[in-house]
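# A closer look at the structure
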Amino acid sequence: MSKNIISQIDEDTILVFDKDGVIFHSEDFKFEYFLGLFDEFEEHHEKIKSYLVESGGTPRKLRFKHICEKILNMTGAEEFVDSLVKKSNEEMDSKVLKTDFVGGVKVFIEKYTENKKFVCSGSPQEEVDQHLKRNNITHHFISAYGGVPKKSIVINEIKQNYGSDIVFFGDTMVDYNAAKEADVTFVGLRSSKYHDPFKELDIYKVHSFEELF
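Attention here is on the structure that accompanies the text. (Residues numbered from 1 in each chain as written. Predicted model: local features only at pLDDT ≥ 70, side-chain atom pairs only at ≥ 80, totals over all residues. Heavy atoms only, no water.)

### Some remarks on helix α2 (residues 45–54)
Residues I48, Y51 and L52 constitute the buried set of α2. Viewed along the axis of α2, the buried residues span an arc of 100°, placing them on a single side of the element. Along α2, the residues that are exposed and aim more than 90 degrees away from the buried face are E46 and E54. Its buried side turned inward, α2 meets α1 (27–36) and α3 (60–71). (Buried < 20%, exposed > 50% of the residue type's maximum accessible area, 1.4 Å probe, protein only. Helix = DSSP H or I, 4+ residues; strand = E, 2+ residues; numbered from the N terminus. Arc of directions from axis to C-beta. Contact = heavy atoms within 4.5 Å.)

What follows is the structure, given as structure tokens:
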């Protein structure tokens, strides 16, 4: 089923990519780091872990806020949330930039030279820009959207400005739901070693872009 998607891509098809877990193997790294931020709350470990899996692709501040308010039942957690965001920005982002490409994605991006391409990520804008620049692929994309709280809004903007024939490559249920809301074709990347959010779904899904050649 995965290779059938290639037959649907022509020169007018717009390709939209999430960043973590789709272009780079950074989703698992972030999962491990974010989980470690809450090590002191051992009794809530499994709930926090489950939420981090479910919320992949969501901006970190929103994830931290949910954990603090809904799982840890903190009141007035804004200062603590801000401290976690600051800590992760300082400690994690430089390491994220060193993560490798998902298999075959660079070749895939370079193969479809004529296609309009975008990045749509929940990661901070500065991180997205630096990650693409560090790996010399910025020039392949018309625009790279970072810090996106609701990806369907960005995808709909792309539809309105560039055309409705869109394929969105994502690795989380947040991505899948965004594609569904925006009514565009979705390809699920099963690149995580911790979970497979698309296991029960009958959709286009691959472990790497190498499966598309």
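### Here's the deal with the sheet that holds strand β5 (residues 185–189)
Ordered in space as β3-β2-β1-β4-β5-β6, the six strands form an open sheet in which the pairing is parallel. Either end of the sheet is taken by a strand with one partner, and the two such strands are β3 (143–145) and β6 (204–206). Strand-to-strand, the axes of this sheet are offset by a mean angle of 20°, without reference to chain direction. Bridge analysis of strand β4 (residues 166–170) against β5 gives four bridges, and the strand direction is parallel. Looking at β5, one finds that V167 is bridged to T185. Those strands touched by helix α7 (residues 125–134) are β2 (117–120) and β3, and its axis lies near 140° from that of β3. Along the sheet face, helix α9 (residues 173–182) touches β4 and β5 and points at about 165° away from the line of β4. (Pairing = 2+ DSSP bridges. Axes fitted to C-alpha atoms, helices over the stretch in contact; angles between N-to-C directions.)

### Some thoughts on the packing of aromatic side chains
Scanning all chains against the criterion turns up 19 aromatic pairs. For the pair F17 and F108, a centre-to-centre distance of 6.4 Å together with 75° between the ring planes defines the contact as edge-to-face. Here F108 lies in helix α6 (residues 105–111) and F17 lies in strand β1 (residues 14–17), a separation of 91 residues in the sequence. By relative accessible area, which is 0% here, F108 ends up buried. Taking 6.2 Å as the distance between ring centres and 40° as the angle between the ring planes, the aromatic pair formed by F17 and F209 counts as tilted. Of this pair, F17 sits in strand β1 while F209 sits in the segment after β6, and the two are 192 residues apart along the sequence. Each of the two residues, F17 as well as F209, counts as buried. Each member of the aromatic cluster is reached from another via a ring pair, and the members are F17, F108, Y112, F141, F169, F209 and F213. (Phe/Tyr/Trp six-rings, centres within 6.5 Å; stacked < 30°, edge-to-face > 60°.)

### Quick look at the pairing of β1
Residues I14 and V16 line one face of β1 and the alternating positions L15 and F17 line the opposite face, and both faces are buried. With four bridges joining them, β1 and β4 adopt parallel strand pairing. Each bridged residue has a counterpart across the sheet, and for V16 the counterpart in β4 is F168. Bridging between β1 and β2 involves three bridges; their strand directions are parallel. Paired with F17 across the bridge in β2 is V119.

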